[in-house]
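Descriptive structure summary
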Amino acid sequence: MAEFSEALEIYEKAYLQGQKDYNSHIGRGEKGHLAVLDDLLGQCDILAYIKQPTQEIPISRIVGTYTASRASSFSPDFLPLHRPRTEFANKWANLCRAHLNDGITDPITVYEYLWRYYVIEGNKRVSVLKYFGAVTVRAEVTRLIPRLDPDNPDSVRYHAYLDYAKKGLFPNLELSRAEDYEKHYRQEQRMLAALEPGTELNCPAMYSFFEHCYHNTGCTVPLGDTFAEYLYIYGFPTGISSEEVEQRIVRLQPQLDVIDMNTMPTLVLENEQEEQTPSLLQRLFQIRRRPHVVFAYAPGRVEGSWLEAHDQGRVAMEAALGDRITTSVIDGLTSENAYELLSQKASDADLLFVTNSSAVGPAVRFSLDHPDCLTLIYSSVRPDHRVHTYFGRYYEAIFLCGVAAGLYTHTKTVAYVTPHIASTRYTSDINAFLRGVRSVCRDARVILMTRGVIPGDDASGLAAVRSLAAEGCDVVLSPVYDGLGLDNLPENTFSALYSLNTDGSTGKYLASPGWNWEAFYLAITEGYLSGGLEAMRSYKRGDVPVTGFWWGLGSGVIDFHTSDWAPDATDNLIRYLRGSIRRNQYNPFHGPIRDLEGRERVPAHTNPEPLDIMDMDWFAEGLEIIE
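Residues numbered from 1 in each chain as written. Predicted model: local features only at pLDDT ≥ 70, side-chain atom pairs only at ≥ 80, totals over all residues. Heavy atoms only, no water.

Thoughts on the overall build of the chain
Filter applied, for reference: A helix here means a DSSP run of H or I that spans at least four residues, while a strand means a run of E at least two residues long, and both kinds are numbered starting from the N terminus. The rule is simple: take the accessible area with a 1.4 Å probe, protein chains only, and divide by the maximum for that residue type; under 20% is buried, over 50% is exposed, in between is partly exposed. By the convention used here, residues are in contact when the closest approach between their heavy atoms is within 4.5 Å.
Looking only at helices and strands, the chain features 22 helices and 23 strands. Reported as C-alpha extents along the three principal axes, the dimensions of the chain are approximately 100 × 60 × 50 Å. Going through the 627 residues of the chain one by one, you find that 50% of them count as buried. Counting only contacts in the chain whose residues sit at least 6 apart along the sequence, the fraction spanning at least 24 positions is 70%.

Encoded structure:
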């Protein structure tokens, strides 16, 4: 049993630490006492006071007291500032003795304001517990909800959190950006769906456990952002030791730095490579001997499939480079098994191409565990992840399909058929088709048909195509469905523009976008062999961390095919536009452009930034949607 004299000795040590903490803050020009909630609320309009259930709260987020009268008794880290042998010291020592002998069990009373706690009653209990390194304390909590102020980022973030808290898993999760809450909630739902039936989660305890591990690592990226990224890469921290969680947080640090910087990524366009001296693909370092290049595919790599087109690019690349490289293939990659498969079959890879965009999280985890492997993922560029991506400016070819549709149509009604997607649908291809049609047929009716179209279900797509005849449509751009009956399609054609007869039957093939993956895989692998990609593997804080390869018609990765339907003048116009886009002399999204609600999205005489095109999620004015 601890004696009172022992508790007084502990107080003296705590007092000395408090003096040091006080002087440290004063030396930096900061306040040497506790923060006071009354001061923070002086200019704040509180909307509501909501009583919360008595709960364990993290001591690390108790940052102050309610009134100024208690603030001067403690340093900013809740260490005592009254001299020993005072009434305050005796009370503190008595609490210390009680903690050592029986533990402090009485709950404190706090206000919660913007994710932080301010003590109404129990300041000395918090001081004792903080001194001994306690992680949590039981508390009666009242939440203060500020009125929403659109001009106050903290207010906007907090109200985004309140919306999340109604349905999300983790209480008091603080994220740095309001828009991240919905994204994080969707990730939670995907993770829950992947759990075994009957799995029970104690999410508050899980978050408290993670917070304790987080503080042990010295990580400087905000806790909530670190936790959200950890979940995305590693999943729920259950059934794992605190030491392993801490090691993962340390390994995650480069990724976390990217999030913390919130830096826009570098998009590598083919014309940019030509302008750099030396270019990204020409910097030299020690030449590698026969690197192992691994291609990882989702399930379904069969003849004539989208994945088979990628593999044909791999085979052509391997034939061009001969014995300078070796390649291997991983099939059946899903978001659930990706990390295990990559760890088993790509651990010796020097260069890894992951063609399944749903496996981004596991692939990033693999790249963190295997920093010597350069990993590229087929995905839209991700400014919040240290992951190198490759994609294609598909909209350039779709714009030309729109031009061809506008030149061919007799009824001035054309359609774009695509499956209905419940999640975010990026719309650069759809808007490019509209722009192409309207550039040559100003008063054309352009329909987006998604009604009844199910992903992977050719019958539903065919039914939608045939229904368009009743709308007067005579030209359609759609995926190539079994049963379309189109002749003379180029190899590896997955979408096509074709005429539609009045009875709903398909007419003739007109044009199509194309992909040439050999051009991309050969260029990237040659760049790797020459050392031109070494800058993508090196990393230090402050670097622009993300590289996204986004190549288009100019690189040959994206192509555009036409049949012989067009008269010479029409064909020449299409060729001229194609050449202008290839040379970066014409942008299909040159403004002005307004959306369906009439809001200006691209001002007159301007071109949108590449990232704005890639992230486009709105529909342009003039599009008619049947859904």
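Quick word on a negative patch on the surface
Quick note on the threshold: Nonpolar side chains (Val, Leu, Ile, Met, Phe, Trp, Tyr) are joined into patches within 5 Å and like charges within 9 Å, using only residues with over 30% relative accessible area and no salt bridge. In these tables, accessible area is a Shrake-Rupley quantity obtained with a 1.4 Å probe, and a residue counts as shielded only by the protein chains included in the view. The rule for a salt bridge is simple: a side-chain nitrogen of Lys or Arg has to be within 4 Å of a carboxyl oxygen of Asp or Glu. Only four residue types enter the charge count: Lys and Arg as positive, Asp and Glu as negative, with His and the chain ends excluded. Note on charges: their place is set at NZ of Lys, CZ of Arg, CG of Asp or CD of Glu.
A cluster of acidic residues, E609, D612, D615 and D617, forms a negative patch at the surface. Here D612 is to be found in helix 22 (residues 610-614).

Re the sheet that holds strand 18 (residues 506-515)
Spelled out, the test is: The criterion for strand pairing is that DSSP finds at least two bridges linking the strands in question. The axes used here are C-alpha line fits, helices contributing only the stretch in contact, and every angle between their N-to-C directions lies in the interval 0 to 180 degrees.
Strand order in the open sheet formed by seven strands is 20-18-17-16-14-15-23, with mixed pairing between adjacent strands. Because the sheet does not close on itself, it has two edges, and the strands there are strand 20 (558-562) and strand 23 (623-626). Averaged over all adjacent pairs, the angle separating strand axes in this sheet is 20°, with direction ignored. Pairing geometry for strand 17 (residues 495-500) and strand 18, over three bridges, is antiparallel. Residue pairing for strand 18: Y498 is matched across the bridge by Y509.

Remarks on the sheet that holds strand 12 (residues 374-378)
Taking strand neighbours across the sheet as the criterion, the seven strands line up as 8-19-13-12-11-9-10 in an open arrangement whose pairing is parallel. Lying at the two open borders of the sheet, with one neighbouring strand each, are strand 8 (266-268) and strand 10 (326-330). Recorded for the sheet is a direction-independent mean angle of 20° between the axes of neighbouring strands. Sheet analysis places strand 8 next to strand 19 (residues 547-551), joined by three bridges and oriented parallel. The residue of strand 19 that forms the bridge with L267 is G548. Helix-sheet contacts for helix 13 (residues 306-321) involve strand 9 (292-296), strand 10 and strand 12, and the interaxial angle to strand 10 is about 165°.

Some remarks on the packing of aromatic side chains
Each aromatic ring pair is described using two quantities: the centre-to-centre distance and the angle formed by the ring planes. Put simply, the rule is: Working definition: a ring pair exists when centres of Phe, Tyr or Trp rings (six-membered ring for Trp) sit within 6.5 Å. Plane angles under 30 degrees give stacked, over 60 give edge-to-face, the rest tilted. Working rule: Lys NZ or Arg CZ, within 6 Å of ring centre, within 35 degrees of ring normal, means a charge sits over the ring.
Across all of its chains, the model carries 49 aromatic pairs by this definition. Centre to centre, the rings of F210 and F227 are 5.0 Å apart; their planes meet at 65°, and the pair counts as edge-to-face. Here F227 lies in helix 9 (residues 223-234) and F210 lies in helix 8 (residues 203-217), a separation of 17 residues in the sequence. Take F210: its relative accessible area is 0%, and that puts it in the buried class. Relative to W515, the ring of Y394 lies with its centre 5.6 Å away and its plane at 15°, an arrangement referred to as stacked. Within this pair, whereas Y394 is found in helix 16 (residues 394-408), its partner W515 is found in strand 18, the two being separated by 121 residues in sequence. For the pair formed by Y394 and W515, the shared burial category is buried. Note that K167 overlies the ring of Y185, its terminal NZ or CZ placed 4.5 Å from the centroid. Its end group placed over the ring of Y339, R365 keeps NZ or CZ at 3.7 Å from the ring centre.

Quick word on the environment of H184
Put simply, the rule reads: Counting of polar contacts relies on pairs of N or O atoms within 3.5 Å, with two restrictions inside protein: one atom must be capable of donating a hydrogen and the other of accepting it, and residues adjacent in sequence are counted only when both atoms are side-chain atoms.
On the secondary structure map, H184 appears in helix 7 (residues 180-193). When residues no more than four places from it in sequence are discounted, the contact partners of H184 are Y164, F170, L173, L175, A228 and L231. In terms of polar contacts, H184 uses its side chain to reach the side chain of E188, at 2.8 Å.

Concerning helix 18 (residues 458-467)
Those residues of helix 18 that fall on the buried side of the exposure criterion are S460, G461, L462, A464 and V465. Sitting at the amino-terminal end of helix 18 is D457, which places a side-chain oxygen 3.1 Å from the backbone nitrogen of A459.

Quick notes on the pattern of salt bridges
Overall, the coordinates contain 32 salt bridges when judged by the stated rule. Linking R157 and E174 is a salt bridge whose minimum nitrogen-to-oxygen distance equals 3.2 Å. Here R157 is found in helix 6 (residues 153-165), whereas its partner E174 is found in the loop between helix 6 and helix 7, with 17 residues between them in sequence. Both residues of the pair, R157 and E174, belong to the buried class. Across the pair R425 and D429 runs a salt bridge, and its minimum N-O distance is 3.0 Å. Classification of R425 as partly exposed rests on a relative accessible area of 21%. By relative accessible area, which is 10% here, D429 ends up buried. Overlapping salt bridges bring together R301, E308, D311, R314, E318 and D331 as one network.

Comments concerning the pairing of strand 16 (residues 475-479)
A large share of strand 16 lies buried, amounting to four of its five residues. The pairing of strand 14 (residues 413-417) with strand 16 spans three bridges and is classified as parallel. Bridged to V414 within strand 16 is V475. Pairing geometry for strand 16 and strand 17, over five bridges, is antiparallel.

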